[in-house]
Amino acid sequence: MFYTSTRDKSIKVTASQAIAQGISEEGGLFVPCELPQFSMDKISSMVSMSYIDRAKTVLKEFLTDFTEEELNYCVEGAYSAEKFSSPSIAPTVNISGNKNILELWHGPTCAFKDMALQLLPYLMTVSAKKTAEGKTIVILVATSGDTGKAALEGFKDVDDTKILVFYPVDGVSPMQKLQMTTQEGNNVAVCAINGNFDDAQSAVKKIFTDADIKAQLAEKNMMFSSANSINWGRLVPQIVYYFSTYCDMISMNNIKAGDEINVVVPTGNFGNILAGYYAKKMGLPIKTLVCASNSNNVLTDFLKTGTYDKNRSFYTTTSPSMDILISSNLERLLYHMSGENDKVVADLMKQLAESGKYTVSDMLIKDIQATFNAGFASEEEVNDTIKNHFDKYNYLCDTHTAVAVKVYDNYVAETNDDIPTVIDSTASPYKFSKSVLSAVLGGNSPELDEFNMVDKLNEVTGADVPAPLANLKDKKVRFSNVCDKENMSEMVFKLLNL
């Protein structure tokens, strides 16, 4: 299995090269040159497997330069029982009829990013030994909330790595901020920026491809890599849980092997739903992938019109991990859907960088719409969905999951397509206690501090409080840096003590 770049398909690298490097030299994203195919017999054979064995079955097809021993080391280390609060790792819960929730937040930071970011440090360590022996890898991360903590937790005290995380100063929940600023580890650093997530992400990409900065790091025997979903090592683990949830639905007698399902994903950066697309192209019987957006509905507009336009109002919402106007992973979809046309992709990305918008051909958007549907939910709809779902099913959604549930309900009402469906649940409701409590109480949130809010939500709903969040209460804040987006490169050197 080799990988190429979305902007230059003459490039060919191994999995370990793609993972260690993170992003291609010219700014493109690494994608597999071909996708492995899974027959229904092979998928059926995974039904009786544990999550760890399902992960090995999928990942070995992509990580062909890893030995069996290396793959076992990575997967078994990532998904060990002490790290995840559910023995299923990512359990599927039937809510009602054909509506199922895939809970992706049972890891150490209570967000779906753990599914990939517990594995990535292992993949990165093995990859670095193959391709960058003796170098210190500097993991540079822009986060809209969940990636930052999950990456910090995954990479803390990992040998020969340093991790620097930048987050928007007013763009994460109090719990997300506390998770990051109290992070333990001798190789970690965190900094807020005056700006939004797109500002942080754009600056990180610029730093990645800055020849002068890379040369200065090289003098210190350092190199950049990424823990954002622009890194293939972050994306490939996410393919696993789509196969896993399908197997679980067979076990639950919700479907029979070979039946089609729909998948609904709340997404801002398009990585989580793109993993579902890869699973579908590999043979998993997914009929439609429904992209769910919040008020920052740039993806919904693109999927409905073919025009991507980030020149619009930016909203700070109660689902901050989706407060994104530049969806990096859409570039990968455009590459695959355009017939692997790197020139088209490079031109579209150039237009986006220069004018903030682009429009794809009628044929391309028609092909995309054959696989994807899309919708968005307003803040009021999110609140109503959290309350209605709890009142009706006694199931507590976080704000991001509620976006997806509302979009799904609208999709079924509009299309009558109510085949068995999996809705990704991306975070514990306790990461957004104030918003969730206010919604459950019909807008009457009491004025409490973050941890009293957690206790009140637990009192009102009876939903278990995840231990990693409860344990934050007495942790000391370690990081209080704030910088302007224009000064992030200087801050990188400061945080690295260079």
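See the structure above.
So, here's what we can say about the structure. (Residues numbered from 1 in each chain as written. Predicted model: local features only at pLDDT ≥ 70, side-chain atom pairs only at ≥ 80, totals over all residues. Heavy atoms only, no water.)

Describing the nonpolar core
Nonpolar side chains tend toward joint burial in soluble globular proteins.
Working step 1: Within the largest apolar cluster, 138 residues are counted, with the highest numbers of intra-cluster contacts made by Phe166, Ile239 and Leu334.
Working step 2: Per-element tally for this core: the top contributor is helix H11 (residues 232–251), with 12 residues.
Working step 3: With residues up to four places along the chain from it excluded, the contact list for isoleucine 239 reads Val58, Phe62, Trp232, Ala275, Tyr278, Ala279 and Met282.
Working step 4: Within the second largest apolar cluster, 39 residues are counted, among which are Ala377, Ile386, Val407 and Leu457. (Core = buried A, V, L, I, M, F, W, Y, C linked by side-chain atoms within 4.5 Å. Buried < 20%, exposed > 50% of the residue type's maximum accessible area, 1.4 Å probe, protein only. Helix = DSSP H or I, 4+ residues; strand = E, 2+ residues; numbered from the N terminus. Contact = heavy atoms within 4.5 Å.)

As for helix H22 (residues 488–495)
Working step 1: For H22, the set of buried residues is Met488, Met491, Val492, Phe493 and Leu495.
Working step 2: The first or second residue beyond H22 is asparagine 497, which carries a positive phi of 60°.

Brief notes about the packing of helix H17 (residues 379–393) against helix H18 (residues 399–415)
Working step 1: Where H17 meets H18, the closest approach of the two axes is 9 Å, and the angle between their N-to-C directions is 90°. With respect to H18, the element H17 is oriented roughly perpendicular. Along the contact surface, H17 presents Glu381, Val382, Thr385, Ile386 and His389, while H18 presents Thr399, Ala402, Val403, Val405 and Lys406.
Working step 2: Its residues assigned to classes, the contact of H17 with H18 comprises five nonpolar, three polar and two charged. (Axes fitted to C-alpha atoms, helices over the stretch in contact; angles between N-to-C directions. Parallel < 35°, antiparallel > 145°, perpendicular 65-115°, else oblique. Nonpolar A, V, L, I, M, F, W, Y, C, P; charged D, E, K, R; others polar.)

Focus: the packing of aromatic side chains
Working step 1: Under the defined criterion, the tally for this structure stands at 15 aromatic pairs.
Working step 2: An angle of 70° between the planes, with centres 6.2 Å apart, marks the rings of phenylalanine 302 and tyrosine 358 as edge-to-face. With phenylalanine 302 in helix H13 (residues 298–305) and tyrosine 358 in strand S13 (residues 357–359), this pair connects stretches of sequence that are 56 residues apart.
Working step 3: Looking at tyrosine 358, the relative accessible area reads 3%, which means it is buried.
Working step 4: By the ring-pair criterion, three or more aromatic residues cluster together here, those being Tyr3, Phe62, Trp232, Phe270, Tyr277, Tyr278 and Phe372.
Working step 5: Above the face of the phenylalanine 38 ring, lysine 42 is positioned so that its terminal group lies 4.3 Å from the ring centre.
Working step 6: The positively charged end of lysine 130 is found above the aromatic ring belonging to phenylalanine 66, 5.7 Å away from the centroid. (Phe/Tyr/Trp six-rings, centres within 6.5 Å; stacked < 30°, edge-to-face > 60°. Lys NZ or Arg CZ within 6 Å of the ring centre and 35° of its normal.)

Re the sheet that holds strand S16 (residues 481–484)
Working step 1: Taken together, the five strands give an open sheet; going across it, the order is S9-S6-S7-S8-S16, and neighbouring strands pair in parallel fashion. The sheet is open, and its two edges are formed by strand S9 (222–226) and S16, each paired on a single side. With direction set aside, neighbouring strand axes in the sheet form an average angle of 30°.
Working step 2: As paired strands, strand S7 (residues 161–168) and strand S8 (residues 188–194) are joined by six bridges and run parallel to one another. Paired with tyrosine 167 across the bridge in S8 is alanine 192.
Working step 3: Against the sheet, helix H7 (residues 146–155) contacts strand S6 (136–142), S7 and S8, and its axis sits at roughly 165° relative to S7. (Pairing = 2+ DSSP bridges.)

Brief notes about a negative patch on the surface
Working step 1: Together, Glu133, Asp157, Asp159 and Asp160 give the surface a local cluster of negative charge.
Working step 2: Tracing the backbone through its elements, the reader meets aspartate 159 in the loop between H7 and S7.
Working step 3: When its relative accessible area of 63% is taken as the criterion, aspartate 159 is described as exposed. (Patch = residues over 30% accessible without salt bridge, like charges linked within 9 Å, V, L, I, M, F, W, Y side chains within 5 Å. Areas by Shrake-Rupley, 256 points an atom, 1.4 Å probe, with all protein chains shown as cover. Salt bridge = Lys/Arg side-chain N within 4 Å of Asp/Glu carboxyl O. Lys, Arg positive; Asp, Glu negative; His and termini not counted. Charge placed at Lys NZ, Arg CZ, Asp CG, Glu CD.)

Without other data, these values stay purely geometric and don't point to any function.
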